[in-house]
Amino acid sequence: MALFNRPKSLTELVAENLKDRIVSGEFDLGEQLSEAKIAKELKVSRTPVREAINRLEMEGLLVVEPQRGSFVFDLEPDELDKLIDARVCLETAALKFAMQTKSKRLHVELDKSVQEMNLARDSGNDAEYLRQDTIFHQCIFDCANNRFLNDAYQTIALKVSAVRNRLGRHPRHMSRSHKQHIELVKAVNQGDFQNAFKVLENHIDKKSGSYWSEVTEKVKTKEEALSATSAN
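Residues numbered from 1 in each chain as written. Predicted model: local features only at pLDDT ≥ 70, side-chain atom pairs only at ≥ 80, totals over all residues. Heavy atoms only, no water.

### A few points about the environment of Leu90
- Summarising the element assignment, Leu90 is placed in helix H4 (residues 77–101).
- For Leu90, a relative accessible area of 17% gives the class buried.
- Each C-alpha atom of the pair Leu90 and Phe141 lies 8.9 Å from the other, and the pair is 51 residues apart in sequence.
- Ignoring any residue separated from it by four or fewer positions in sequence, one finds Leu90 in contact with Phe141, Leu149, Ala152, Tyr153 and Ile156. (Helix = DSSP H or I, 4+ residues; strand = E, 2+ residues; numbered from the N terminus. Buried < 20%, exposed > 50% of the residue type's maximum accessible area, 1.4 Å probe, protein only. Contact = heavy atoms within 4.5 Å.)

Rendered as C-alpha coordinates:
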(Lines give C-alpha, C1' and ligand atoms only; values in the text may rest on other atoms or scores of the structure.)
Protein backbone atom coordinates (compact mmCIF):
# COMPACT_ATOMS: atom_id res chain seq x y z
CA MET A 1 0.00 0.00 0.00
CA ALA A 2 1.36 3.41 -0.99
CA LEU A 3 2.08 5.80 1.83
CA PHE A 4 0.53 9.27 1.92
CA ASN A 5 2.87 12.10 0.98
CA ARG A 6 1.59 14.65 3.48
CA PRO A 7 2.54 18.27 2.78
CA LYS A 8 4.18 20.15 5.62
CA SER A 9 2.00 22.33 7.80
CA LEU A 10 2.59 26.06 8.24
CA THR A 11 3.85 25.38 11.74
CA GLU A 12 6.45 22.93 10.41
CA LEU A 13 7.55 25.38 7.71
CA VAL A 14 7.86 28.25 10.17
CA ALA A 15 9.73 26.05 12.66
CA GLU A 16 12.21 24.98 9.96
CA ASN A 17 12.71 28.60 8.91
CA LEU A 18 13.41 29.77 12.46
CA LYS A 19 15.61 26.76 13.21
CA ASP A 20 17.77 27.45 10.15
CA ARG A 21 18.10 31.13 11.10
CA ILE A 22 19.04 30.30 14.69
CA VAL A 23 21.61 27.66 13.75
CA SER A 24 23.11 29.72 10.91
CA GLY A 25 23.70 32.68 13.21
CA GLU A 26 21.19 35.11 11.71
CA PHE A 27 19.78 35.54 15.22
CA ASP A 28 22.19 36.29 18.04
CA LEU A 29 22.36 34.05 21.09
CA GLY A 30 19.97 35.48 23.67
CA GLU A 31 18.20 37.67 21.09
CA GLN A 32 14.50 38.31 21.68
CA LEU A 33 12.19 37.29 18.84
CA SER A 34 9.00 39.12 17.90
CA GLU A 35 6.05 36.94 16.92
CA ALA A 36 4.48 39.85 15.05
CA LYS A 37 7.65 40.65 13.10
CA ILE A 38 8.25 37.03 12.15
CA ALA A 39 4.64 36.58 11.09
CA LYS A 40 4.90 39.68 8.90
CA GLU A 41 8.22 38.53 7.36
CA LEU A 42 6.87 35.08 6.54
CA LYS A 43 3.39 36.34 5.60
CA VAL A 44 1.58 34.02 7.98
CA SER A 45 -0.66 34.55 10.99
CA ARG A 46 0.81 34.62 14.49
CA THR A 47 -0.69 31.20 15.35
CA PRO A 48 1.81 29.03 13.39
CA VAL A 49 4.61 31.30 14.61
CA ARG A 50 3.56 30.78 18.22
CA GLU A 51 3.26 27.02 17.68
CA ALA A 52 6.68 26.93 15.99
CA ILE A 53 8.20 28.82 18.91
CA ASN A 54 6.72 26.30 21.34
CA ARG A 55 8.18 23.47 19.27
CA LEU A 56 11.64 25.04 19.22
CA GLU A 57 11.44 25.63 22.94
CA MET A 58 11.03 21.88 23.38
CA GLU A 59 14.13 21.37 21.23
CA GLY A 60 16.10 23.77 23.41
CA LEU A 61 16.74 26.39 20.74
CA LEU A 62 14.37 28.97 22.22
CA VAL A 63 13.54 30.00 25.76
CA VAL A 64 10.04 31.33 26.44
CA GLU A 65 9.76 33.53 29.53
CA PRO A 66 6.27 34.50 30.78
CA GLN A 67 5.55 38.23 30.53
CA ARG A 68 8.86 38.77 28.73
CA GLY A 69 8.81 36.90 25.43
CA SER A 70 10.79 34.38 23.41
CA PHE A 71 14.58 34.35 23.28
CA VAL A 72 17.21 32.43 21.34
CA PHE A 73 19.03 30.06 23.69
CA ASP A 74 22.19 31.36 25.31
CA LEU A 75 25.03 29.67 27.17
CA GLU A 76 26.76 30.75 30.33
CA PRO A 77 30.41 29.63 30.72
CA ASP A 78 29.58 26.65 32.94
CA GLU A 79 26.81 25.53 30.56
CA LEU A 80 29.18 25.78 27.61
CA ASP A 81 31.74 23.68 29.48
CA LYS A 82 29.11 21.01 30.12
CA LEU A 83 28.00 21.07 26.47
CA ILE A 84 31.59 20.52 25.36
CA ASP A 85 32.11 17.71 27.89
CA ALA A 86 28.95 15.98 26.65
CA ARG A 87 30.09 16.28 23.06
CA VAL A 88 33.54 14.87 23.81
CA CYS A 89 32.02 11.86 25.61
CA LEU A 90 29.52 11.11 22.86
CA GLU A 91 31.70 11.73 19.84
CA THR A 92 34.78 9.85 21.03
CA ALA A 93 32.56 6.89 21.92
CA ALA A 94 30.96 7.04 18.47
CA LEU A 95 34.40 7.15 16.84
CA LYS A 96 35.44 4.02 18.72
CA PHE A 97 32.37 2.06 17.59
CA ALA A 98 32.57 3.38 14.04
CA MET A 99 36.21 2.31 13.67
CA GLN A 100 35.39 -1.11 15.12
CA THR A 101 32.37 -1.84 12.96
CA LYS A 102 32.41 0.31 9.81
CA SER A 103 35.94 1.64 9.43
CA LYS A 104 35.98 1.53 5.61
CA ARG A 105 32.67 3.32 5.28
CA LEU A 106 33.77 5.84 7.90
CA HIS A 107 36.94 6.64 5.97
CA VAL A 108 35.06 7.01 2.69
CA GLU A 109 32.42 9.31 4.18
CA LEU A 110 34.87 11.47 6.12
CA ASP A 111 37.21 11.77 3.14
CA LYS A 112 34.29 12.76 0.91
CA SER A 113 33.35 15.50 3.35
CA VAL A 114 36.94 16.76 3.51
CA GLN A 115 37.07 16.95 -0.28
CA GLU A 116 33.95 19.12 -0.20
CA MET A 117 35.62 21.26 2.47
CA ASN A 118 38.61 21.70 0.15
CA LEU A 119 36.33 22.98 -2.61
CA ALA A 120 34.53 25.29 -0.20
CA ARG A 121 37.79 26.78 1.04
CA ASP A 122 39.14 27.22 -2.48
CA SER A 123 36.01 29.15 -3.46
CA GLY A 124 35.84 31.13 -0.23
CA ASN A 125 32.44 29.64 0.64
CA ASP A 126 32.57 29.68 4.44
CA ALA A 127 28.92 28.71 4.81
CA GLU A 128 29.45 25.54 2.78
CA TYR A 129 32.62 24.72 4.70
CA LEU A 130 30.72 24.93 7.99
CA ARG A 131 27.89 22.84 6.56
CA GLN A 132 30.40 20.15 5.61
CA ASP A 133 31.92 20.44 9.09
CA THR A 134 28.54 19.49 10.54
CA ILE A 135 28.19 16.62 8.04
CA PHE A 136 31.71 15.40 8.87
CA HIS A 137 30.94 14.95 12.56
CA GLN A 138 27.50 13.45 11.91
CA CYS A 139 29.21 10.82 9.73
CA ILE A 140 30.96 9.50 12.83
CA PHE A 141 27.61 8.82 14.48
CA ASP A 142 26.10 7.43 11.27
CA CYS A 143 28.88 4.83 11.14
CA ALA A 144 28.83 4.00 14.85
CA ASN A 145 25.90 1.61 14.36
CA ASN A 146 24.28 2.72 17.62
CA ARG A 147 21.04 4.62 17.28
CA PHE A 148 20.85 5.33 20.99
CA LEU A 149 24.21 7.07 20.89
CA ASN A 150 23.10 9.06 17.87
CA ASP A 151 19.81 9.98 19.56
CA ALA A 152 21.78 11.31 22.52
CA TYR A 153 23.97 13.39 20.20
CA GLN A 154 20.96 14.89 18.43
CA THR A 155 19.89 16.49 21.73
CA ILE A 156 22.93 18.79 21.51
CA ALA A 157 23.79 18.73 17.79
CA LEU A 158 21.84 21.87 16.89
CA LYS A 159 23.41 23.88 19.69
CA VAL A 160 26.85 22.65 18.66
CA SER A 161 26.16 23.73 15.07
CA ALA A 162 24.81 27.09 16.22
CA VAL A 163 27.98 27.86 18.16
CA ARG A 164 30.17 26.54 15.32
CA ASN A 165 28.46 28.77 12.77
CA ARG A 166 28.99 31.86 14.92
CA LEU A 167 32.74 31.41 15.47
CA GLY A 168 33.86 28.94 12.84
CA ARG A 169 34.31 31.61 10.17
CA HIS A 170 37.43 32.96 11.87
CA PRO A 171 40.33 32.33 9.40
CA ARG A 172 42.68 31.01 12.09
CA HIS A 173 40.12 28.59 13.45
CA MET A 174 39.05 27.43 10.00
CA SER A 175 42.64 26.68 9.02
CA ARG A 176 43.28 24.71 12.21
CA SER A 177 39.93 22.93 11.96
CA HIS A 178 40.58 21.88 8.38
CA LYS A 179 44.02 20.52 9.25
CA GLN A 180 42.57 18.46 12.09
CA HIS A 181 39.85 17.04 9.85
CA ILE A 182 42.52 15.86 7.42
CA GLU A 183 44.57 14.35 10.25
CA LEU A 184 41.52 12.47 11.53
CA VAL A 185 40.75 11.04 8.09
CA LYS A 186 44.36 9.84 7.82
CA ALA A 187 44.26 8.17 11.26
CA VAL A 188 40.96 6.45 10.44
CA ASN A 189 42.36 5.19 7.14
CA GLN A 190 45.37 3.74 8.97
CA GLY A 191 43.15 2.12 11.59
CA ASP A 192 45.06 4.03 14.28
CA PHE A 193 42.37 4.53 16.93
CA GLN A 194 44.69 6.04 19.55
CA ASN A 195 45.82 8.78 17.19
CA ALA A 196 42.30 9.28 15.84
CA PHE A 197 41.00 9.62 19.39
CA LYS A 198 43.72 12.15 20.21
CA VAL A 199 43.06 14.23 17.09
CA LEU A 200 39.31 14.27 17.68
CA GLU A 201 39.67 15.17 21.35
CA ASN A 202 42.07 18.01 20.52
CA HIS A 203 39.63 19.17 17.86
CA ILE A 204 36.56 19.46 20.08
CA ASP A 205 37.72 19.62 23.70
CA LYS A 206 37.82 22.96 25.52
CA LYS A 207 41.26 22.14 26.93
CA SER A 208 42.83 21.89 23.49
CA GLY A 209 42.99 25.57 22.62
CA SER A 210 40.29 25.03 20.00
CA TYR A 211 37.63 27.56 19.14
CA TRP A 212 35.57 26.35 22.11
CA SER A 213 37.97 28.22 24.37
CA GLU A 214 37.32 31.31 22.26
CA VAL A 215 33.60 30.80 22.74
CA THR A 216 34.05 30.55 26.50
CA GLU A 217 36.07 33.75 26.57
CA LYS A 218 33.43 35.59 24.54
CA VAL A 219 30.67 34.35 26.83
CA LYS A 220 32.61 35.39 29.92
CA THR A 221 33.30 38.83 28.44
CA LYS A 222 29.60 39.23 27.72
CA GLU A 223 28.69 38.23 31.26
CA GLU A 224 31.22 40.67 32.73
CA ALA A 225 29.89 43.49 30.55
CA LEU A 226 26.32 42.81 31.65
CA SER A 227 27.40 42.73 35.30
CA ALA A 228 29.21 46.04 34.94
CA THR A 229 26.17 47.62 33.31
CA SER A 230 23.91 46.38 36.10
CA ALA A 231 26.29 47.75 38.73
CA ASN A 232 26.17 51.18 37.12
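The structure having been displayed, the exposition proceeds.
### Examining the confidence of the model for the chain
- Put simply, the chain has an average pLDDT of 86, and 85% of its residues get 70 or more.
- Mean pLDDT per element in the chain: helix H10 (residues 211–231) is the minimum at 52, and helix H5 (residues 103–122) is the maximum at 95. (pLDDT = per-residue confidence, 0-100.)

### Considering the pattern of salt bridges
- One pass over the full model with this rule turns up 9 salt bridges.
- A salt bridge links Lys19 to Glu59; the shortest N-O distance between them is 3.1 Å. Linking Lys19 in helix H1 (residues 10–24) with Glu59 in the loop between helix H3 (46–58) and strand E2 (62–65), this pair joins segments that are 40 residues apart in sequence.
- Since its relative accessible area comes to 24%, Lys19 is described here as partly exposed.
- When its relative accessible area of 33% is taken as the criterion, Glu59 is described as partly exposed.
- The closest approach of N and O atoms between Arg131 and Glu128, which form a salt bridge, is 3.0 Å. Separated by 3 residues within a single helix, Arg131 and Glu128 lie in helix H6 (residues 126–142), roughly one turn from each other.
- Classification of Arg131 as partly exposed rests on a relative accessible area of 46%. (Salt bridge = Lys/Arg side-chain N within 4 Å of Asp/Glu carboxyl O.)

### Topic: the layout of surface pockets
- Taken as a whole, the largest pocket encloses approximately 320 Å³ of empty space.
- Lining the largest pocket are 16 residues; nearest its centre among them are Val23, Arg131, Thr134, Ser161 and Asn165.
- Elements represented by at least two residues in the lining of the largest pocket include exactly H1, H6 and helix H7 (147–167).
- Ranked by the residues each element gives to the lining of the largest pocket, the list is headed by H7, at 7 residues. (1 Å grid on protein atoms, 1.4 Å probe; cavity = no way out; pocket = protein on both sides within 12 Å on 5 of 7 lines; lining within 4 Å. Points joined across faces, edges and corners; volume = space filled by probe spheres on them.)

### Thoughts on the environment of Glu65
- Positionally, Glu65 belongs in strand E2.
- Judged by relative accessible area, which is 28%, Glu65 ranks as partly exposed.
- A polar contact is formed between the side chain of Glu65 and the side chain of Arg68, at a distance of 2.3 Å. (Polar contact = N/O pair within 3.5 Å; in protein donor to acceptor, adjacent residues only side chain to side chain.)

### Examining the side chain of His181
- Looking at the element boundaries, His181 is found in helix H8 (residues 171–189).
- Given a relative accessible area of 1%, His181 falls into the buried group.
- Among the polar contacts made by the side chain of His181, one reaches the side chain of Asp133 at a distance of 3.4 Å.
- With residues near it in sequence (within four places) discarded, His181 still touches Val114, Met117, Tyr129, Asp133, Phe136, His137 and His203.

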